[in-house]
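Chain residues, written in single-letter form:
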Amino acid sequence: QVQLVESGGGSVQSGGSLRLSCTASVYTYMGWFRQAPGKEREGVAAIGYYGSTSYADSVKGRFTISRDNAKNTLYLQMNSLKPEDTAMYYCAAKRPEGPWFRSDSYNYWGQGTQVTVSS
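Residues numbered from 1 in each chain as written. Predicted model: local features only at pLDDT ≥ 70, side-chain atom pairs only at ≥ 80, totals over all residues. Heavy atoms only, no water.

Turning to the packing of aromatic side chains, a few remarks are in order. Counted under the stated rule, the structure contains six aromatic pairs. Consider the rings of Phe33 and Trp109, whose centres lie 5.0 Å apart with planes at 65°: the pair is edge-to-face. Here Phe33, found in strand β4 (residues 29-35), pairs with Trp109, found in strand β10 (residues 106-109); they are 76 residues apart in sequence, far enough to count as distant. When the ring of Tyr106 is compared with that of Trp109, the centres are 6.0 Å apart and the planes differ by 55°; the resulting orientation is tilted. (Phe/Tyr/Trp six-rings, centres within 6.5 Å; stacked < 30°, edge-to-face > 60°. Helix = DSSP H or I, 4+ residues; strand = E, 2+ residues; numbered from the N terminus.)

This next bit is on the state of the cysteines. Inspection of the entire model under this criterion finds one disulfide. Across a sulfur-sulfur distance of 2.0 Å, Cys22 and Cys91 are joined as a disulfide pair. Every disulfide takes its handedness from the sign of the S-S torsion; for Cys22 and Cys91 that torsion is -75°, giving left-handed. One end of the pair, Cys22, is in strand β3 (residues 18-24); the other, Cys91, is in strand β9 (residues 87-94), and 69 residues separate them in sequence. (Disulfide = S-S within 2.5 Å.)

Sheet architecture is open: four strands sit in the order β1-β3-β8-β7, paired in antiparallel fashion. In the strand order of this sheet, the two ends are held by β1 (4-7) and β7 (63-68), each with one partner. Across this sheet, the average inter-strand angle for adjacent strands is 15°, counted without regard to direction. The sheet contact formed by β3 and strand β8 (residues 73-78) spans six bridges and is antiparallel. The residue of β8 that forms the bridge with Ser21 is Tyr75. (Pairing = 2+ DSSP bridges. Axes fitted to C-alpha atoms, helices over the stretch in contact; angles between N-to-C directions.)

The next subject is the side chain of Asp85. Its location among the elements puts Asp85 in the loop between β8 and β9. Beyond its immediate stretch of four places on either side in the chain, Asp85 contacts Arg34, Arg62, Phe63, Ser80, Val115 and Val117. (Contact = heavy atoms within 4.5 Å.)

So, in structure tokens, the structure goes:
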């Protein structure tokens with residue numbers, strides 16, 4: 001069975017930081033997505049097994065995705081947070097094929113962790 005569990009969400013003021021973690025029973029190609037009410041789910045960041053990364057334009061320079069393969073853990077360091085970053089954030093495991101930021105490229109999903117950024 002595949003299990004992904006996110007943690008680290010919460011409420012923070014604009015300009016603050018949060019670090020999200022995801023423990024996963026599979027750890028090949030991983031990504032973070034987010035979804036705000038009334039909006040489509042969007043890709044935030046993705047990482048390959050050996051550390052290649054990709055970021056959405058909206059978070060470049062502020063967010064950093066990383067992984068610890070020995071611990072089967074995925075991270076998202078979120079700095080300089082803005083109110084528009086408010087969303088439910090999901091950890092996901094990607095199949096080898098498919099574009100990085102298509103949600104249907106990912107086979108397994110966590111339950112999500114809420115991030116709320118106040119102005």
